[in-house]
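# A look at the structure
Take a look at the letters that make up each chain.
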Amino acid sequence: MTVGLLTLELHIPHAQSLKDKRVVLRSVKDRLKKFNIAVAEVDHQNLWQRATLGVVTIGESTEAVDRALAAVADEVERLGPGVITATHMEFLT
């Protein structure tokens, strides 16, 4: 069994307020519901154009968890090309 953590740093260039940012993040979270994951905003809650999302999943193998988290990152990038500024993936086995 493997637990995977994906940290996504996002830049939201069109947000002019925290409300704008939260609308975008809600949309991202809603699109990610189809994956078997948990997602939360974990940093930069008070900044308008910056957010850090933590995404966690569990699976049978490191490869399966890696594929699932890569699919999540691809989906976020598909929603807004260039939105992701940094990613970091960790595994607990």
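Just above, that's the structure.
Bear in mind that the values here come from a model prediction, so they are computed numbers and not experimental data. (Residues numbered from 1 in each chain as written. Predicted model: local features only at pLDDT ≥ 70, side-chain atom pairs only at ≥ 80, totals over all residues. Heavy atoms only, no water.)

## With respect to the overall build of the protein
Inclusion rule: Strands here mean DSSP runs of E at least two residues long; helices mean DSSP runs of H or I at least four residues long; both are numbered from the N terminus. Put simply, the radius of gyration uses C-alpha atoms, and a globule should come to 2.2 Å times the residue count raised to 0.38. With a 1.4 Å probe rolled over the protein chains alone, any residue whose accessible area is under 20% of its type maximum counts as buried; one over 50% counts as exposed, and the rest are partly exposed. In what follows, a contact means two residues having at least one pair of non-hydrogen atoms within 4.5 Å. The method behind every accessible area is Shrake-Rupley, applied with a 1.4 Å probe, and residues are considered shielded solely by the protein chains displayed.
Counting its secondary structure elements, the protein contains two helices and four strands. Overall, the protein shows an N-to-C arrangement of helices and strands of β-α-β-β-α-β. Here the protein has a C-alpha radius of gyration of 13 Å; the compact-globule value for 93 residues is 12 Å, and the two agree. For the protein, the spread of C-alpha atoms along the three principal axes comes to 40 × 20 × 20 Å. When the 93 residues of the protein are sorted by exposure, 31% land in the buried category. Here the analysis covers contacts within the protein between residues at least 6 apart in sequence; of these, 69% occur between residues at least 24 apart. As displayed, the protein offers around 5,700 Å² of accessible surface, 54% of which is attributable to carbon and sulfur atoms.

## Notes on the sheet that holds strand 3 (residues 50-59)
Definition in use: Here the rule is simple: two strands pair whenever DSSP picks up at least two bridges between them. Think of each axis as a best-fit line through the C-alpha atoms, taken over the contacting stretch in the case of a helix, with angles from 0 to 180 degrees between the N-to-C directions.
Ordered by their spatial adjacency, four strands build an open sheet running 2-3-1-4, and the pairing between neighbours is antiparallel. Each end of this open sheet is capped by a strand with a single partner; those strands are strand 2 (38-43) and strand 4 (84-92). Taking the axes of each pair of neighbouring strands and ignoring which way they run, one obtains an average angle of 20° across the sheet. Bridge count for strand 1 (residues 2-11) against strand 4 is eight bridges, and the pairing is antiparallel. Bridge pairing in strand 4 places Val3 opposite Leu92. Packed onto the sheet, helix 1 (residues 18-31) meets strand 1, strand 2 and strand 3 and runs at close to 20° relative to strand 3. Along the sheet, helix 2 (residues 62-79) contacts strand 1, strand 3 and strand 4; its crossing angle with strand 1, the most-contacted strand, is approximately 20°.

## Structural notes on the side chain of Lys21
Put simply, the rule is: Here a polar contact is recorded for every N or O atom pair within 3.5 Å, except that within protein the pair must consist of a potential hydrogen donor and a potential acceptor, and residues adjacent in sequence are included only if both atoms are side-chain atoms.
Residue placement: Lys21 occurs in helix 1. Given the relative accessible area of 0%, Lys21 is considered buried. A distance of 2.9 Å separates a polar atom in the side chain of Lys21 from a polar atom in the side chain of Glu41. Aside from chain neighbours lying at most four places away, what touches Lys21 is Ile12, Ala15, Glu41, His44, Gln45, Asn46, Leu47, Trp48, Arg50 and Ala51.

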